Amino acid sequence: MLGRIFVDPGLDLVNSPRSPQDEACCIKTVLEVKPKTNISHVCPHKKDLTLGSIDDIYCPSLDCQSDVQSPEVTWYQNGRLLSEERSNRMQLGEIYDFHQGTYVCDYTQSDNSSSWTVRAVVQVRTIVKDTRVKPDILEPIIDTLEVELGKPLTLYCTARFGFQKDFKPVLRWYSKDSNQQLEILTSEGRSVQSTFEDEIIQRVVHLKEVTQRDLRKMFICFAQNSIGNTTQSIQLKEKKGVVFLYILLGTVTTLAGMLTAGALLYMYWIEIVLLYRTYQRKDETLGDKKEFDAFVSYAKWSSFESEAGSSLSEETLALNLFPEVLENKYGYTLFLLERDMAPGGVYAEDIVNIIKKSRRGIFILSPNYVNGPSVFELQAAVNLALNDQTLKLILIKFCPFQEPESLPHLVKKALRVLPTITWRGLKSMPSNSRFWTQMRYHMPVKNSKGFT
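Residues numbered from 1 in each chain as written. Predicted model: local features only at pLDDT ≥ 70, side-chain atom pairs only at ≥ 80, totals over all residues. Heavy atoms only, no water.

A. Spotlight on the overall build of the chain. When helices and strands are counted, the chain shows 11 helices and 24 strands. When each of the 452 residues of the chain is scored for burial, the buried share is 38%. Counting only carbon and sulfur atoms, one obtains 53% of the accessible surface of the chain, whose full area is about 27,600 Å². (Helix = DSSP H or I, 4+ residues; strand = E, 2+ residues; numbered from the N terminus. Buried < 20%, exposed > 50% of the residue type's maximum accessible area, 1.4 Å probe, protein only. Areas by Shrake-Rupley, 256 points an atom, 1.4 Å probe, with all protein chains shown as cover.)

B. Representation of the packing of aromatic side chains within the structure. With the rule as written, the count across this model stands at 11 aromatic pairs. Ring centres of Tyr-174 and Phe-222 lie 5.8 Å apart, and the angle between their planes is 90 degrees; on these two criteria the pair is classed as edge-to-face. Taken as a pair, Tyr-174 in strand 14 (residues 170-177) and Phe-222 in strand 18 (residues 218-224) lie far apart in primary sequence, 48 residues in all. By relative accessible area, Phe-222 is classed as buried at 14%. Ring geometry for Phe-295 versus Phe-363: centroids 6.5 Å apart, planes at 65 degrees, classification edge-to-face. Of the two residues, Phe-295 is situated in strand 20 (residues 292-297) and Phe-363 in strand 22 (residues 358-365); the sequence distance between them amounts to 68 residues. There is no split in this pair, since Phe-295 and Phe-363 are both buried. Among the aromatic side chains, those forming a connected cluster through ring pairs are Phe-322, Phe-398, Trp-423, Phe-435 and Trp-436. (Phe/Tyr/Trp six-rings, centres within 6.5 Å; stacked < 30°, edge-to-face > 60°.)

C. Fine view of a nonpolar patch on the surface. On the surface, Leu-245, Tyr-246, Leu-248, Leu-249 and Val-252 cluster together into a nonpolar patch covering about 470 Å² of accessible area. As for its position among the elements, Leu-249 is in helix 3 (residues 242-267). Look at Leu-249 and you get partly exposed, because its relative accessible area is 46%. (Patch = residues over 30% accessible without salt bridge, like charges linked within 9 Å, V, L, I, M, F, W, Y side chains within 5 Å. Salt bridge = Lys/Arg side-chain N within 4 Å of Asp/Glu carboxyl O.)

D. Main features of the packing of helix 5 (residues 314-327) against helix 11 (residues 434-442). Viewed as axis vectors pointing N to C, helix 5 and helix 11 meet at an angle of 65 degrees, and their least axial separation amounts to 12 Å. Read as a crossing pair, helix 5 and helix 11 show a hand that is right-handed. Side by side, helix 5 and helix 11 meet where Leu-321, Phe-322, Val-325 and Leu-326 of the first sit next to Phe-435, Trp-436 and Met-439 of the second. Tallied by class, residues from the contact of helix 5 with helix 11 come to seven nonpolar, no polar and no charged. (Axes fitted to C-alpha atoms, helices over the stretch in contact; angles between N-to-C directions. Left-handed = near helix turned anticlockwise from the far one by under 90°. Contact = heavy atoms within 4.5 Å. Nonpolar A, V, L, I, M, F, W, Y, C, P; charged D, E, K, R; others polar.)

E. Here's a closer look at the sheet that holds strand 14. Spatially, five strands are ordered 12-19-18-14-15 in an open sheet, and the strand pairing comes out mixed. Each edge of the open sheet carries a strand with a single partner, namely strand 12 (144-147) and strand 15 (180-184). Each neighbouring strand pair of the sheet contributes to a mean axis angle of 30 degrees, computed without reference to strand direction. (Pairing = 2+ DSSP bridges.)

F. Highlighting the side chain of Lys-290. Inspection of the secondary structure assignment puts Lys-290 in the loop between helix 4 (269-280) and strand 20. Overall, Lys-290 belongs to the buried group, its relative accessible area being 13%. A polar contact of 3.4 Å, which involves the side chain of Lys-290, links it to the backbone oxygen of Ser-358. (Polar contact = N/O pair within 3.5 Å; in protein donor to acceptor, adjacent residues only side chain to side chain.)

G. Geometry of the sheet that holds strand 24 (residues 420-422). Taken in spatial order, the five strands line up as 21-20-22-23-24 in an open sheet, and their pairing is parallel. Only two strands of the sheet have a single neighbouring strand rather than two, namely strand 21 (334-336) and strand 24. In this sheet, adjacent strand axes meet at a mean angle of 25 degrees when their direction is disregarded. Against the sheet, helix 5 contacts strand 20, strand 21, strand 22 and strand 23 (392-397), and its axis sits at roughly 160 degrees relative to strand 21.

H. Here's a closer look at the state of the cysteines. Within the structure shown, the criterion is met by two disulfides. For Cys-59, the disulfide goes to Cys-105, at an S-S distance of 2.0 Å. Measuring handedness by torsion sign, the sulfur bridge of Cys-59 and Cys-105 sits at about 75 degrees and is right-handed. Remark: Cys-105 occurs in strand 9 (residues 101-110) and Cys-59 occurs in the loop between strand 5 (54-58) and helix 1 (60-64); sequence separation between them is 46 residues. Across the pair, exposure class does not vary: Cys-59 and Cys-105 are buried alike. (Disulfide = S-S within 2.5 Å.)

I. The pairing of strand 22, seen in detail. The buried fraction of strand 22 amounts to eight of the eight residues, a majority that puts the element mostly inside the structure. Of the pairings in the sheet, the one linking strand 20 to strand 22 comprises five bridges and is parallel in character. Note that in strand 22 the partner of Ser-297 across the bridge is Phe-363. Pairing of strand 22 with strand 23, which is carried by six bridges, proceeds in the parallel orientation. Looking at strand 23, one finds that Leu-365 is bridged to Lys-397.

J. Just the pairing of strand 15, in detail. For strand 14 and strand 15, the ladder comprises five bridges, and the chain directions are antiparallel. In the sheet register, Lys-176 faces strand 15, and the bridge partner there is Gln-181. Between strand 14 and strand 15, which pair antiparallel one after the other, the connecting turn spans two residues, and Ser-178 there sits at a positive phi close to 60 degrees.

Shown next, in the form of structure tokens:
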């Protein structure tokens, strides 16, 4: 069997279904496909429908062939069969968003010798009515912009354009200097937002650095559509108070730095002084005719005292820890009564003579001390220090105590004004603890193995 199928240019060919009788036989068929040449023109396959209007669409091929009686048409929308539609003209009624899409119409044509199915595609777009207003400029929104000379600057020209079927927006930057206005060449504008009703377009101008010449220019954002144009100008102005701001920031930064340095200096003053002494290598003991670096005064231990069961007493601190750290590690010479006092002398006279030969007086204070006979040593040292400027007294608060009413007035006053170092038990025992650092700070400056 030999047959011909004529196809309209631009249309799809669909095979006609075979009858059940054709299934039972085997027939060799040769099809010669040729384009149909008697079509005068090809109809457009795109259709714009205005939202809210009453409209319809036609099958493109049948719309052009008005001299032929319209056959039955099968319609599809986005691949879904529209079974209720069978005519060439499909009435849509009021147009909504859901009418947008791809429509397909199928119909059958035949001549004396053959028949074929013709398919046409209509691309439908729903639109709004063309705008009746000029573009609306969204940026710039101010007339004057403060800038810094020598700094880069970016200016934005942003405008909203209402929908137009024949959309040809114009968005440009101009610069006006005196009476001369020139277009600023920039990259093409880009769409930043698009909807059914409008589209927002932006165009940017970049200044590598702001100059005095730029301050004399007027920058103009220009937007135009078929209705008209809109402009918005902006003038650059040198930012005032920038120098003052820098000075203020510099002052605040300097002040903050000074406060921080002051706080650090306060916290680590003793360490800084000791470090300075280490590198200065000054010896204040030379030529002072003193024999001892420090006289150590403490309460004598007794089994009847309340601290008898304590693991560390004032006597242990004075006779064991002081020699171990101050003498053995830092090279000071100490005078300890129980260790260095020669027997047979007069106690009061010996104490006064020893204090006179000492550069420092170290007094370990506790309830036993201020309520016992050893407080005489502190009283004698205070009296001698009033006349000897090289003699300095150091108080160690071994444990809390209350001043007894019988305490001499001069001693009470000394307890309030003399430097006091607090003993904190096991925390103070290591030779690198804060306690021993403070002790070294108050001890005489001398060249010894402990400072090198």
